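Results of the structural survey
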Amino acid sequence: MSIQRAANQFVCDLAAYEPGKPVEETAREIGLRPQDIVKLASNENPLGPSPRAKEAMHAAIEQGQLYPDGGGWELRRAIAEKHGVEMANVVLGNGSNEIIELLCHCFLNEQTSLVAAEHAFVVYRLMAKLFGAKYKEVPDPGFIHDLDAMADAITDDTRLVFIANPNNPTGTMVDGVMIERFLDRIPDHVIAVFDEAYYEFLEEPPDTIGQVRKGKNVCVMRTFSKAQGLAALRIGYGIAPVAIADLLNRARQPFNANAIAQAGALAALVDNEHVSRTVENNAKGLAFFEESFDQRGLRYVESKANFVLVEVGDGDAVFAGMLSRGVIVRAMRGYKLPGWVRISVGTKEENERCIEVLDEVLEG
Ligand SMILES: *Cc1c(COP(=O)(O)O)cnc(C)c1O
């Protein structure tokens, strides 16, 4: 018997997650210096990590021989305080992506299903498949989650409904009124998961943590990867009623959040200045991109996040053309959007370079 046949079939059927192309790899391939590459492919913070976090992480390295605080006491306490919940409501993850996985560990198997929007963050599908569960995809007209249709899609075997808010790669969001109506329709055996990786960029964020305080079956996920600029550290968290948080805690590895990341996150949590600078840079960058697309007659999806989805004709060709000129964007075939690319907002210079190169590719 081949080793592949010995593996779980649902794992064999899985396509591995395709991350944004790394800078070093691209530089090697096209013979440029890494510093000449512009990466606008993974929604990273163009201003770098929170300076406070950097300082705290340097200090934490001195204790690198010690295992981390497995309970994440200080960081969880600070997160709980910030959001007006109890420590028992907070679960740390190796990136918020791990919280997705922990939810699936706890609630999915071959007899259960996960509901998500058609153009939702692709990791939900990967995880559902990894646990052999059914993945129910609900159309999202105008690229906006249709919460009524998602509630309609819930069946007795449904355990999790994922709402990325705002969603990646579309950048669209649902508001508090829509969420309230949605939650009123959710049966007791289902958890509504709000993935709020881009929360800091929202002008009018819905109060989903308030729903956790009310004891609803809601899990809110946040990350330090985006506005705080700590994607390399892999640290995020979930906030949920104690009954759910307790299950997630049992499913995680003992030291899933490393000590350097915990120290960095703790400092970043109070670095409002860095977040403000980041949000301001982002608003300008988004406006620049949208104006540039308007001038060129390119269709795009109005974004609430730190990236924008734009229709360019042949997404793979534009991706490749831009890559060969040192600008990395993200092709969207994996999201069944072969005509589109997703561009993360960078610094002013990076955004301008991106449009320059996009012009060259579209003209050529
Ligand atoms: C970037 C992103 C995350 C963050 O993942 P981490 O594991 O915390 O780095 C989560 N959800 C969505 C939709 C994202 O785009």
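Just above sits the structure.
Just so we're clear, the structure is a prediction, and the values are computed from it rather than from any experiment.

Here the focus is the packing of helix α14 (residues 315-324) against helix α15 (residues 348-363). Close contact between α14 and α15 brings their axes to 9 Å; oriented N to C, the two are set at 120 degrees. Judged on the interaxial angle alone, α15 and α14 are oblique. Viewed along their axes, α14 and α15 form a crossing whose handedness is right-handed. Across the interface between the two elements, Val318, Gly321 and Met322 from α14 touch Cys354, Val357, Leu358, Val361 and Leu362 from α15. Its residues assigned to classes, the contact of α14 with α15 shows 7 nonpolar, 1 polar and no charged.

Among the nonpolar cores identified, the biggest contains 80 residues, and Leu103, Leu114, Tyr124, Leu160, Phe162 and Phe182 are the most heavily contacted of them. When residues in this core are grouped by element, the largest group, 6 residues, is from helix α6 (residues 96-107). Formed jointly, this core draws a minimum of three residues from each of two domains, domain 1 (3-48 + 272-363) and domain 2 (51-268). Not counting residues within four places of it along the chain, the set of residues in contact with Phe162 comprises Ile100, Leu103, Leu114, Val115, Ala116, Tyr124, His145, Met150, Val193 and Met221.

For the rest of this paragraph, the subject is the pairing of strand β10 (residues 307-311). The buried fraction of β10 amounts to 4 of the 5 residues, a majority that puts the element mostly inside the structure. The loop that links strand β9 (residues 300-301) with its antiparallel partner β10 comprises 5 residues. In this structure, β10 lies alongside strand β13 (residues 340-344), joined through 5 bridges in antiparallel fashion. In the strand pairing of β13, Leu309 is matched with Arg342.

Thresholds applied
- Residues numbered from 1 in each chain as written.
- Predicted model: local features only at pLDDT ≥ 70, side-chain atom pairs only at ≥ 80, totals over all residues.
- Heavy atoms only, no water.
- Axes fitted to C-alpha atoms, helices over the stretch in contact; angles between N-to-C directions.
- Helix = DSSP H or I, 4+ residues; strand = E, 2+ residues; numbered from the N terminus.
- Parallel < 35°, antiparallel > 145°, perpendicular 65-115°, else oblique.
- Left-handed = near helix turned anticlockwise from the far one by under 90°.
- Contact = heavy atoms within 4.5 Å.
- Nonpolar A, V, L, I, M, F, W, Y, C, P; charged D, E, K, R; others polar.
- Core = buried A, V, L, I, M, F, W, Y, C linked by side-chain atoms within 4.5 Å.
- Buried < 20%, exposed > 50% of the residue type's maximum accessible area, 1.4 Å probe, protein only.
- Domains from an automatic or database assignment.
- Pairing = 2+ DSSP bridges.

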